[in-house]
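Examination of the molecular architecture
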Amino acid sequence: MAKPAKPSGPSQRQLRVGELIRHAIADMLARGDIHDDVLAKHVVTVPEVRLSPDLKLATAYIMPLGGQDVKPVLKALEANKRYIRGEIAHRVNLKYAPDIRFRADESFAEAERIDALLDTEAVRRDTQVQRLKIDQDQEDDDRDHDH
């Protein structure tokens with residue numbers, strides 16, 4: 001008997017707990033609960049928190065508004081990691097609070113890179129040619145149906 005295929009991607013539990021932790025961190029940052037001069041000067045978003053399958057390690061992806069001062073913000077979050085972990089333990093009902101690591105969210109930069117690629121002359125020319133082919137095919141279909 002064949003083994004069932006392993007599901008790809010995170011489990012429902014990983015996603016749910018990651019979202020709870022994301023909300024807890026975002027709430028702490030929004031309320032100014034983390035007393036740090038660097039964090040006080042920045043609006044920081046937390047687009048995603050990923051958890052390891054055993055829920056012992058949480059990777060929080062962060063991005064300061066405007067993408068400025070990423071390194072100092074990451075350093076400030078690392079410096080306050082114990083406090084943040086303790087707060088998560090209180091706010092999210094888990095047997096063990098996961099160890100947290102902070103990473104810069106690269107998805108915004110990737111989206112900008114893709115937008116820039118799509119905006120190149122070569123892509124515009126290719127899509128124009130494709131649109132002309134589609135229009136021509138539709139005209140041919142219309143003529144065939146009229147006869």
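Here's a quick rundown of the structure. (Residues numbered from 1 in each chain as written. Predicted model: local features only at pLDDT ≥ 70, side-chain atom pairs only at ≥ 80, totals over all residues. Heavy atoms only, no water.)

**With respect to the sheet that holds strand β2 (residues 57–64)**
Going by this rule: Each pair of strands is called paired provided DSSP finds at least two bridges between the two strands. By definition, any uninterrupted DSSP run of H or I lasting at least four residues is a helix, any uninterrupted run of E lasting at least two residues is a strand, and each is numbered from the N terminus. Fitting a line to C-alpha atoms yields each axis, with helices limited to the stretch in contact; the angle taken between N-to-C directions then spans 0 to 180 degrees. Two residues form a contact once any of their heavy atoms are found within 4.5 Å.
Strand order in the open sheet formed by three strands is β1-β2-β3, with mixed pairing between adjacent strands. Bordering the open sheet on either side are β1 (44–51) and β3 (99–104), each of which pairs with just one other strand. Put simply, the sheet's adjacent strands are angled 25° from each other on average, direction ignored. Of the strand pairs in this sheet, β2 and β3 are connected by six bridges, and their pairing is parallel. Along β3, the bridge assignment pairs I62 with A104. Across the sheet, helix α1 (residues 12–31) touches β1, β2 and β3, and the angle it forms with β1 is around 155°.

**Some points on the side chain of R22**
Here is the rule we go by: Only protein chains enter the accessibility calculation, which uses a 1.4 Å probe; a residue is then buried when its area is under 20% of its type maximum, exposed when over 50%, and partly exposed in between. N or O atoms closer than or at 3.5 Å make up a polar contact, with two conditions inside protein: a donor-capable atom paired with an acceptor-capable one, and, for residues adjacent in sequence, both atoms drawn from side chains.
With respect to the helices, strands and loops of the structure, R22 is situated in helix α1. Overall, R22 belongs to the buried group, its relative accessible area being 19%. Polar side-chain contacts of R22 include one of 3.1 Å to the backbone oxygen of V46. When sequence neighbours within four positions are dropped, the list of residues in contact with R22 reads V46, P47, E48 and V49.

**Some remarks on α1**
Heads up, the condition is: Here the expected length of a helix is defined as 1.5 Å per residue gap, with one fewer gap than residues.
A rise of 1.5 Å per residue sets the reference length of α1, with its 20 residues, at 28 Å; its end C-alpha atoms lie 28 Å apart and thus fit the reference within 8%. Close packing links the buried residues of α1 with α2 (37–40), β1, β2, α3 (70–79), α4 (81–91) and β3. Positive phi shows up at G32, right after α1, with a value of about 75°.

**Observations concerning the environment of K133**
Tracing the backbone through its elements, the reader meets K133 in helix α6 (residues 121–146). Given a relative accessible area of 49%, K133 falls into the partly exposed group. As a C-alpha pair, K133 and T120 span 13 residues in sequence and 20 Å in three-dimensional space.

**A few points about the side chain of H42**
Residue placement: H42 occurs in the loop between α2 and β1. From its side chain, H42 meets the backbone oxygen of V38 in a polar contact 2.7 Å long. Contact partners of H42, with chain neighbours within four places excluded, come to P64, Q68, D69 and V73.

**Topic: α3**
The following threshold applies: Working definition: the arc comes from the directions between the helix axis and the C-beta atoms, pointing outward to the latter.
If you check which residues of α3 are buried, you get V70, V73, L74, A76 and L77. The buried residues of α3 all sit within an arc of 160° when viewed along its axis, so they share a single face. Away from its buried face, by an angle of more than 90 degrees, α3 presents the exposed residues K71, K75 and A79. Taken together, the buried residues of α3 touch α1, α2, β1, β2, α4 and β3.

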